[in-house]
Structures are given as structure tokens and as C-alpha cells.
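Descriptive analysis of the structure
Each chain, written out:
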Amino acid sequence: SPLCKTAIYGNDANCGRILTAAGYSGAEFDPEKIDIKVNDFLFYKDGCAIPFDEDEALELLKVHDIHIEIILRFISMRVMLTTECTHVISLTNM
């Protein structure tokens, strides 16, 4: 998003811009259940920006490659793995 590009280009560690861009993406999530890392530096956790040293953040954003990680956490997740064997069982029992 232009908000994220502006923050990165200006070496501005603004997790609000990243959070806003995630919201505009159409993904459904609870902002209080995500973490945001920029180059492995945690900026946002459980709905709150984390206090950080501005000079340290500035150095992290001066590098050529910027890696933004948004970690989504859900209270419950259901996964069901299944295999369809009906055809094999039918042929075996003939």
C-alpha cells in the first residue's frame, strides 16, 4: 500500500500504517490478536504498539530488503484431514 511504502521509504517504524494496510486487504482478523515484525523486530503485539528505540528502528529500516511479518493468532482452529478410499475398498471387496 502507499502508506507502507511511504513509511518504509522514510524509515518510519509506524506499525499503524502496516495494520491499516492489512485491514484494507480484505482479510478478516482481530487487531488484538496479531503481532507485527519488521526485519524480525517486534513492533506490535496483542493490539498495542510496543515501545522501541527510534534510533534502533531507524537502522533496521535503512537496509535494502525489508521483511514485514504479520502473525495472525486465532482462539480456535479446526483442521480435519481425510482420505477418500471408497473406490479402493469397493474394488478390494469384489
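The following paragraphs examine the structure supplied in this document. (Residues numbered from 1 in each chain as written. Predicted model: local features only at pLDDT ≥ 70, side-chain atom pairs only at ≥ 80, totals over all residues. Heavy atoms only, no water.)

Attention now goes to the pattern of salt bridges. All chains considered together, the criterion is met by three salt bridges. With a shortest N-O distance of 3.4 Å, lysine 45 and aspartate 35 are connected by a salt bridge. Pair noted here: lysine 45 is in strand 2 (residues 41-45) and aspartate 35 is in strand 1 (residues 34-38), with a separation of ten residues, a long-range link. Owing to a relative accessible area of 34%, lysine 45 belongs among the partly exposed residues under this scheme. (Salt bridge = Lys/Arg side-chain N within 4 Å of Asp/Glu carboxyl O. Helix = DSSP H or I, 4+ residues; strand = E, 2+ residues; numbered from the N terminus. Buried < 20%, exposed > 50% of the residue type's maximum accessible area, 1.4 Å probe, protein only.)

Positioned with a positive phi, asparagine 39 is a non-glycine residue whose angle comes to about 50°. Mapping asparagine 39 onto the fold places it in the loop between strand 1 and strand 2. Taking relative accessible area as the criterion, asparagine 39 reaches 18% and is therefore assigned buried. Although it is not a glycine, aspartate 46 adopts a positive phi angle of roughly 55°. Judged by its relative accessible area of 38%, aspartate 46 is partly exposed.

Looking now at the nonpolar core. Ranked by size, the top nonpolar core spans 14 residues in total, and within it Ile36, Phe43 and Tyr44 carry the most contacts. Breaking this core down by element, the ones donating at least two residues are helix 2 (15-24), strand 1, strand 2 and helix 3 (54-61). For this core, the element with the most residues is helix 2, which contributes four residues. Among all residues touching tyrosine 44, those that are not within four sequence positions of it are Cys15, Leu19, Pro31, Ile34, Asp35, Ile36, Ala49 and Ile50. (Core = buried A, V, L, I, M, F, W, Y, C linked by side-chain atoms within 4.5 Å. Contact = heavy atoms within 4.5 Å.)

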